[in-house]
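The primary structure of each chain is shown beneath.
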Amino acid sequence: MQERLDELRRLIRHHNDLYHRLDAPEIPDVEYDLLVRELEALEAEHPELIVPDSPTQTVGGAPSATFAPVTHELPMMSLDNAFTRAELNGWAARVARGLDLELDQGPPGVDPGHEADGGPVVDVAAAIAAAAAAAPVGYVCELKIDGVACSLRYEDGVLVQAATRGNGRVGEDITANIRGIAVIPNELTGPAPQVVEVRGEVYLPVSTFEKLNESQEAAGLPRYANPRNTAAGSLRQKDPAITAGRGLAFWSYQLGVVEGGPSLEGHGDALDWLAELGLPVNPERRRVETVDEVVAFADHWLEHRHDLDYEIDGAVVKVDRLARQEALGATAKAPRWAIAYKFPPEERTTKLLDIQVSIGRTGKATPFAVLEPVFVGGSTVQVATLHNDDQVRLKDVRPGDTVVVRKAGDVIPEVIGPVLAERPAGLERWTFPESCPACDTPLVRPEGEAHNFCVNPTCPAQRQGRIEHFTSRGGMDIEGMGESTVALFIEQGLISDVGDIYDIDWDAVAELEGFGQTSIDNLKAAIEASKQRPLASLLVGLGIRHLGPAGAEVLARAFGHLDAIVSATAEEMAAIDGVGPTIAASVADYFATDEARALVARLQAAGVNVQGPEVTSVPQVLEGLSIVVSGTLSGFSRDGAAQAIKSRGGKNPGSVSKKTTALVVGTEPGASKLTKAEELGVPIIDEAGFEALLETGRLPD
Ligand code: IVH
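On a predicted model such as this, the values are computed, not experimentally measured, just so you know. (Residues numbered from 1 in each chain as written. Predicted model: local features only at pLDDT ≥ 70, side-chain atom pairs only at ≥ 80, totals over all residues. Heavy atoms only, no water.)

Within the protein, the secondary structure is distributed over 25 helices and 21 strands. A compact globule built from 701 residues should have a C-alpha radius of gyration of about 27 Å, and the protein, at 29 Å, falls within 12% of that. The dimensions of the protein, computed from C-alpha atoms along their principal axes, are 80 × 75 × 65 Å. Expressed as a percentage of the 701 residues in the protein, the buried residues total 48%. Taking the intrachain contacts of the protein between residues at least 6 apart in sequence as the baseline, contacts between residues at least 24 apart amount to 68%. Surface exposure of the protein reaches about 33300 Å², of which carbon and sulfur atoms provide 51%. Placing the 62 positive and 104 negative side-chain charges of the protein at their respective mean positions leaves the two points 3 Å apart. (Helix = DSSP H or I, 4+ residues; strand = E, 2+ residues; numbered from the N terminus. Rg over C-alpha atoms; globule rule 2.2 N^0.38 Å. Buried < 20%, exposed > 50% of the residue type's maximum accessible area, 1.4 Å probe, protein only. Contact = heavy atoms within 4.5 Å. Areas by Shrake-Rupley, 256 points an atom, 1.4 Å probe, with all protein chains shown as cover. Lys, Arg positive; Asp, Glu negative; His and termini not counted. Charge placed at Lys NZ, Arg CZ, Asp CG, Glu CD.)

Moving on to the nonpolar core. In terms of nonpolar packing, the biggest core is built from 52 residues, with F489 and F591 touching the most fellow members. With residues up to four places along the chain from it excluded, the contact list for F489 reads M481, L494, I495, I504, V509, L512, F515 and L523. Core analysis: the second largest hydrophobic core is formed by 35 residues, A82, Y203, W251 and Y310 among them. (Core = buried A, V, L, I, M, F, W, Y, C linked by side-chain atoms within 4.5 Å.)

Bringing the sheet that holds strand β9 (residues 286-288) into the picture now. As a general point, the strands of a sheet are linked pairwise by backbone hydrogen bonds and lie either parallel or antiparallel. Within the open sheet, the 5 strands sit side by side as β2-β11-β10-β3-β9. Their pairing is mixed. Whereas interior strands pair on both sides, the edge strands pair on one side only; in this sheet they are β2 (81-82) and β9. Here strand β10 (residues 312-319) pairs with strand β11 (residues 338-342) via 5 bridges, running antiparallel. Pairing of K318 across the sheet is with A338, part of β11. Here helix α10 (residues 291-304) sits on the sheet in contact with β3 (139-145), β9, β10 and β11, set at roughly 25° to β3. (Pairing = 2+ DSSP bridges. Axes fitted to C-alpha atoms, helices over the stretch in contact; angles between N-to-C directions.)

A separate point is the confidence of the model for the protein. Predicted confidence across the protein gives a mean pLDDT of 88, with 92% of residues reaching 70 or more. Contacts for the low-pLDDT stretch residues 105-121, under 50 throughout, to residues beyond four places or in other chains number 9 contacts. (pLDDT = per-residue confidence, 0-100.)

Attention now goes to the packing of helix α3 (residues 85-98) against α10. As a packed pair, α3 and α10 sit with axes 11 Å apart at the nearest point and diverge in direction by 140°. In terms of orientation, α3 and α10 fall into the oblique class. Crossing handedness for the pair α3 and α10: right-handed. Here α3 contributes R85, L88, N89 and A92 to the contact with α10, which in turn contributes V291, D292, V294 and V295. The residue makeup of the contact of α3 with α10, split by class, is 5 nonpolar, 1 polar and 2 charged. (Parallel < 35°, antiparallel > 145°, perpendicular 65-115°, else oblique. Left-handed = near helix turned anticlockwise from the far one by under 90°. Nonpolar A, V, L, I, M, F, W, Y, C, P; charged D, E, K, R; others polar.)

Another aspect to go through is helix α7 (residues 227-235). One full turn of an α-helix is made of 3.6 residues, so residues set three or four places apart face in the same direction. Extensive coverage of α7 is indicated by the burial of 8 of its 9 residues. Buried within α7 we find P227, R228, N229, T230, A231, A232, S234 and L235.

Moving on: unusual backbone geometry. At D396, a residue that is not glycine, the phi angle is positive and equals roughly 45°. Structurally, the position occupied by D396 is in the loop between α12 (389-395) and β15 (402-407). Of note, the phi angle at E668 is positive, near 50°, even though the residue is not glycine. Among the secondary structure elements, E668 is positioned in the loop between β20 (662-665) and α24 (671-680).

So, on to the packing of aromatic side chains. With the rule as written, the count across this model stands at 9 aromatic pairs. Here F470 and Y502 contribute two aromatic rings whose centre-to-centre distance is 6.4 Å and whose plane-to-plane angle is 85°, an arrangement assigned as edge-to-face. Residue F470 is located in helix α13 (residues 460-471), and its partner Y502 is located in the loop between α14 (483-491) and α15 (506-510); the two are separated by 32 residues in the primary sequence. Note on F470: relative accessible area 0%, which makes it buried. Aromatic side chains Y590 and F591 sit 5.0 Å apart centroid to centroid with 80° between the ring planes, which places their arrangement in the edge-to-face category. Overall, the relative accessible area of 1% leaves F591 in the buried class. Through a chain of ring-to-ring contacts, the aromatic side chains of Y203, W251 and Y310 assemble into a single cluster. (Phe/Tyr/Trp six-rings, centres within 6.5 Å; stacked < 30°, edge-to-face > 60°.)

What follows deals with the side chain of S252. Positionally, S252 belongs in strand β8 (residues 249-259). Look at S252 and you get buried, because its relative accessible area is 3%. Of the polar contacts made by the side chain of S252, one reaches the backbone oxygen of P280; its length is 2.7 Å. (Polar contact = N/O pair within 3.5 Å; in protein donor to acceptor, adjacent residues only side chain to side chain.)

Our next topic: the site of the ligand. Around the ligand, a shell composed of 13 residues is seen, among which E142, I145, R165, E201 and Y253 lie nearest. Measuring from an oxygen atom of the ligand, one finds a side-chain N or O atom of K144 at 3.2 Å. A distance of 3.0 Å separates a nitrogen atom of the ligand from a polar backbone atom of I145. Look at the ligand: alone it shows 530 Å² of surface, and the protein chains cover 89% of it. Of all elements in the fold, only β3 and β10 reach the threshold of two or more residues within the shell around the ligand. Among the residues forming the shell around the ligand, the class breakdown is 8 nonpolar, no polar and 5 charged. (Near = heavy atom within 4 Å.)

What follows is about the pattern of salt bridges. Evaluation of the coordinates by the stated rule reveals 27 salt bridges. E142 is the salt-bridge partner of K318, the closest N and O atoms lying 3.0 Å from each other. Separated by 176 residues along the polypeptide, K318 in strand β10 and E142 in strand β3 bring together distant segments of the chain. Classification of K318 as buried rests on a relative accessible area of 4%. (Salt bridge = Lys/Arg side-chain N within 4 Å of Asp/Glu carboxyl O.)

Dropping the structure here:
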């Protein structure tokens, strides 16, 4: 259980970072939502295992170093999600209960839930939630804009600061970039308050996005994935002129700090006031009384979402009366008075033109569908993943079929299955190729694996994948070394592995078409700059299986130097909090190979940074002591407590004996350990005592 919790938290943090900081999500929103849901469910079952830094208790990603930090006076919160009508009803029921509203509990005489005596089986929670749906709470329905949250601060009517959400408390100062968004006024109209903070969403209109992609294509450049990511990338340009040229827009949807404004009754009034001040407020908003009307609003927009020139992924429902909002309050992450009612993933049909197989950096062979272009989930889709051989067999999609494609405002579209009624006669079943499309080596499927692999380490497709991964933003971040440059350099024999990047024959590059002195100088500078990246980026860049940014960071901190990681055993790595046995084994296996060791030596010789953050050596105050922990501590996970003891030289056995120095008890400690400690006269201390013990090595008086 603890392991799954740790894993979910690690995964969610990793994907948060990719989404919020790097604007480069790796998994569809739906999959991300599933991870969050699983974590929420586990934490709901075991509230004692909730830790304050769990992603369920915090918002978004960490701020970057490019823009100055801005502390939000009022935190920028996130929203909880409802994916079904039942979940929406559940939220409405909590609201109604929170406001002490009278609910119609259904027809009298029915005693729901008494199944034992043969009475009706009624889900009590659902019945109450349904009743709440009719409670006249008064909501404002808005569209959920799929863009980038931003806070604008006006003082005496003049725009003085704009910031991203960041982690909810601290965002990034993007004032210069926001000034280039035409629809955001620099000065407010009408009598302006001393201070007004406006929260809203920066977005890229779909029409502008499409034009941008047309010019990308005309210039032979890759298409942008979708309007949201493009908006995020455009907003975080170092050069405000680039942002200004992108045609971003903005919808205001929430007040932040206000000083000296009019007294307002409801959220709807607040939006009207913002519009009067000259701010763009989405006209598609509606004040309604009941949840049924909320659903009608959402259903309408589900059907008409593509009539809009911006992407939406659901409706946002907010309790209208501000006094009621205040009474309901917020959790650590989201207000209780609002909810995002998310649209289901979008589906469309199109023709399956072909099935091809791509080879990734690990040699994994992934089949993908080549489709007749179709607009779904906010962008034009031409390729969609088919995951693996089993999935293709199961779905039995065949080139020539009409297929259903699903996409949910994310980056990886999926083929759901064929429309059998439209299958032309005589279509052959597709079979997985027997050899690698890039190097013709026979593909193998290791036992227990769902994928086929190309096992030729010199396969050009794998080389390409490895080098691209190394130069990507999540790795060594070498600007100008993207897919096409890497492919060209490989083709020209200039590079064949990541070590070659630091040893490029620049005279040969100068001979290539499209490489003038300026682009060569820029690329050289980018490569040079990458030598100073943190050790964790290098570890990620090496593409070690299972090792993501969070694990890499932990390893870099714990060992302080690449050499120490290379020579560490899997056991030593697994003993560190935040490194699971799978990651530890994978890292150890990787560095056990001669190729990896030779690569490390080469990178080191080229001057690439291999030094981690300074290792803070912990005083060994617990040397010779044996400390047992029982129950849940608020500031430590079980592994974290063990690590804290061991890193100070102490032992942390699983049971109490006469050698035990102290028993630390949290909430709900095990009865047997307590009794044993009492019998043997072992000192029993609480969490504060434990903290003091870690600090000083002495038991509290
Ligand atoms: S209100 C305290 N209203 O959705 C409530 N958010 O998933 C703050 N979003 O962080 C949010 N449209 O970036 C609100 N009409 C709308 C919205 C909206 C899009 C975004 C916003 C928020 C995220 C939560």
